[in-house]
Amino acid sequence: MPLNVSWWESQILMTAHQHISQNEFRRARANTPARVRVCVRLRPGMGTGQGQDAPCVRGVDSHSLEILNWRNEMETMKYKFDAFYGETATQRDVYMESVQPVLRHLLEGQNASILAYGPTGAGKTHTMLGSPEQPGVIPRAVQNVLQMTRDASGDEWKYSVSMSYLEIYQEKVLDLLDPSLRDLPIREDRHHRILVPGLTQREITSFLDFESHFLPASSNRTVASTQLNHRSSRSHAVLLVHVSQTQGWPPYARRAAKLCLIDLAGSEDNRRTGNQGLRLKESGAINTSLFVLSKVVDALNQGLPRVPYRDSKLTRLLQDSLGGSAHSVIIANIAPEKKCYFDTLTSLNFAAKSKQVVNKPFTQETLPDISSKRPCPGSSDAGPEAKRLCPEEEQPSMVEQKPLSSLLPLENLEPAVAERLLHLESLEKQQAGAGSCVFPLLNTPRRERLGLLKLLDETRREVKSLKEKQLEMEAKVLQDKDRPRVPARPQKQAVVLPLQQVQKPGNTQAQDGIIIVKLKKGGRKKKASALDSENEAPPEWEVEVRPDLLARSKGNILALLNTGCVKDLMALHRIGKKKAQLIVAWRHKHGSFEKVEDLGKVDGISAKQAASFLKVNILSTLGTPQ
């Protein structure tokens, strides 16, 4: 079937225009890879300070700490992190030194993540929420983000802030702003961004708006009392703060950044917490998700091809925070008492390997549709005036478009190319006169127009190559038709007999061969095509060894049985070390064998085994001298 070149060209032009006019998602030039920052906070000691309440951890400086070696209490193990906050550190110290520096990346369209990790009762919730007198990371960060967006708003960029609040309870994602929404899914869009479809999102313009949504939602979080913590978190809480930016002039780019504030539930030792029933089930889900989190960190550090993000809802939601596109900070909370030693040691080991994880933050921008019309800023949101276009956008539509022949130097082009362009121009005029959608080639900027022309040229070459291939195939088919057909010869079935030395039936008594083939007595003849295998003899013939050679072979085997040692006997087929030893022992007890068939008298060797032994060794011993 011949190809329609004009139709191909028109389809390519329309497809290219659709590609240009769609919303374009662009990743700005990637920044330098950012390592996950890890700081450790030591809560004040509780109890008498003696015995199991005695401290096992002490700070060395603002970056290092020491913990007793549980194998030898006379030794200590030293850890070094990006920051260490001792018992006297305040909420403000933790926020100003470790959290606030990463918030500035939100204004650049990059994600940020703050994660509190540690065992139960170590002070994670206090670090993240705090109290009215000592606010924690969450209230300080939200207030700071609102202030930064207000200060940065202007003619170039417009900012808006919204929030979502969820918890992961027993591997179920629950919306704390709307408790009626149960077990929400976690998805990944085509730009590899982690989303929670259906999650409630509330816009906030001030800190009072934030409190009006956050405080009621916090009361919906699942908490319970255990032997180690009067108000223990039974779920992982995640606060998402979305910062959206819109450019005030062309190209009207949009940026979206996300701040994740995560208060993890603490790992629990059920022998110490006394959990039972529902509390035990909650503890199992918490410990499982934290174990998967540790596996994710190990996989990232080892560079494994598969990182188990999908093994847990928590790690799936934190995919951007660990090994993703966010500037991440982990605040590891630990307890100083000896009774919490192993929980503290586990948290320190997790923090030490987490600081090796490297993220790759980048700015994500969305460019709007270039064919869309922007309403005037002074127009109202309601009524017909909202659809009135800006004067600078109305003017280009009133300018008469110049023909393509006046935009390109046709004298410098090949005649065929110039003729094709003029043909496209006339086709566009015809469609414009008919009222159909015209080709956008004349309405595109110069760079995009040249790109379309390049794509059109590539399409022409592809169509030309397809035509050539079609002609070659047609010529090949014609040659095959003219070529005379040679009838195929019937294949003959060959019968291969053993040893390829079968004599003719009429010469069965020849003495120059080893094998004798003779007709079975009373056997019914069958056709050769009925053979089951090509290597089997026909069923009406039987194979025998010449009598003189058979006697000679039996003599050789008998001599070897009477005179051979264990090693010599093992050289025979079907004779192992055990059977060789039995033969030698029988020979010492009863004397020499009179005939080969006497081998069946040996204890441990049956008559059937003796016959099989003789059949296998009959030909291999023909060349052995007697």
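Placed above this text is the structure.
Everything numeric here is computed off the predicted structure, so don't read it as measured data.

Reading the values: the criteria
Residues numbered from 1 in each chain as written. Predicted model: local features only at pLDDT ≥ 70, side-chain atom pairs only at ≥ 80, totals over all residues. Heavy atoms only, no water. Core = buried A, V, L, I, M, F, W, Y, C linked by side-chain atoms within 4.5 Å. Buried < 20%, exposed > 50% of the residue type's maximum accessible area, 1.4 Å probe, protein only. Contact = heavy atoms within 4.5 Å. Phe/Tyr/Trp six-rings, centres within 6.5 Å; stacked < 30°, edge-to-face > 60°. Lys NZ or Arg CZ within 6 Å of the ring centre and 35° of its normal. Pairing = 2+ DSSP bridges. Helix = DSSP H or I, 4+ residues; strand = E, 2+ residues; numbered from the N terminus. Axes fitted to C-alpha atoms, helices over the stretch in contact; angles between N-to-C directions. Arc of directions from axis to C-beta. Polar contact = N/O pair within 3.5 Å; in protein donor to acceptor, adjacent residues only side chain to side chain.

Novice: Teacher, can you tell me more about the nonpolar core here?
Specialist: In this structure, F81 and L166 are the most contacted members of the largest nonpolar core, which totals 45 residues. When residues no more than four places from it in sequence are discounted, the contact partners of L166 are V173, L174, L176, V196, L199, H236, A237, V238, L240 and L317. One finds A116, Y165, V241 and A257 within the second-largest nonpolar core, a separate group that totals 43 residues.

Novice: What should I look at first to understand the packing of aromatic side chains in this one?
Specialist: Aromatic ring pairs are defined here through the distance separating the ring centres and the angle between the ring planes. Tallied over the entire structure, the rule returns eight aromatic pairs. Here the aromatic cluster, defined as three or more aromatic residues joined through ring pairs, consists of Y165, F207, F210 and F214. Here the basic side chain of K355 rests over the ring of F81, its NZ or CZ set 5.4 Å away from the ring centre.

Novice: Help me out: how do you make sense of the sheet that holds strand β4 (residues 57–59) in this one?
Specialist: As a general point, the strands of a sheet are linked pairwise by backbone hydrogen bonds and lie either parallel or antiparallel. The sheet built from three strands is open, its strands ordered β4-β5-β6 with antiparallel pairing. Looking at which strands have only one partner, the edges of the open sheet turn out to be β4 and β6 (72–80). Averaged over all neighbouring strand pairs, the angle between strand axes comes to 25°, with direction disregarded. Bridging between β4 and strand β5 (residues 64–69) involves three bridges; their strand directions are antiparallel. Following the sheet pairing, R58 is matched in β5 by E66. Contacting β4, β5 and β6, helix α9 (residues 341–354) crosses the sheet at an angle of about 135° to β5.

Novice: What am I meant to see in unusual backbone geometry here?
Specialist: Trans is the common state for peptide bonds, and a negative phi is the common state for residues other than glycine. Of note, the phi angle at Q170 is positive, near 50°, even though the residue is not glycine. Tracing the sequence through the fold places Q170 in the loop between β9 (157–169) and β10 (172–175).

Novice: For this particular structure, what's the right way to read the pairing of strand β18 (residues 326–334)?
Specialist: Side chains on a regular strand alternate between the two faces of the sheet. For β18, a buried count of nine out of nine residues is recorded, marking the element as mostly surrounded by other parts of the structure. The two faces of β18 match: A326, S328, I330, A332 and I334 on one face and H327, V329, I331 and N333 on the other face are all buried. With six bridges connecting them, strand β3 (residues 37–42) and β18 associate as parallel partners. Residue pairing in the sheet places L42 in a bridge with I334 of β18.

Novice: Whenever I open this one, helix α17 (residues 607–617) confuses me. Can you help?
Specialist: Owing to its 3.6 residues per turn, the α-helix brings residues three or four apart onto one side. Looking only at α17, the buried set comprises A610, F613, L614 and N617. The arc that holds the buried residues of α17, viewed along the axis, is 95°, so those residues lie on one side. When the buried face of α17 is taken as reference, the exposed residues oriented beyond 90 degrees from it are K608 and K615. Here the buried face of α17 lies against α14 (547–563).

Novice: What's the story with the pairing of β5 in this structure? I'm lost.
Specialist: Buried residues dominate β5, accounting for five of its six residues. Linking β4 back to β5 in an antiparallel pair, the connection comprises four residues. Note that β5 and β6 share six bridges and pair antiparallel. The residue bridging E66 from the neighbouring strand is K78, located in β6. Hairpin connection of β5 to β6: two residues between the antiparallel strands.

Novice: Could you clarify how one ought to interpret the environment of D263 in this entry?
Specialist: Within the fold, D263 resides in strand β17 (residues 254–263). In contact with D263, not counting residues within four places along its chain, are A116, K124, T125, M128, R221, S235, H236 and A237. Separated by 3.0 Å, the side chains of D263 and T125 make a polar contact. At 2.8 Å, the side chain of D263 and the side chain of R221 are in polar contact.

Novice: Explanation requested: the environment of I557 in the structure shown.
Specialist: Secondary-structure assignment places I557 in helix α14. Between the C-alpha atoms of I557 and N617, which are 60 residues apart in sequence, the distance is 7.9 Å.

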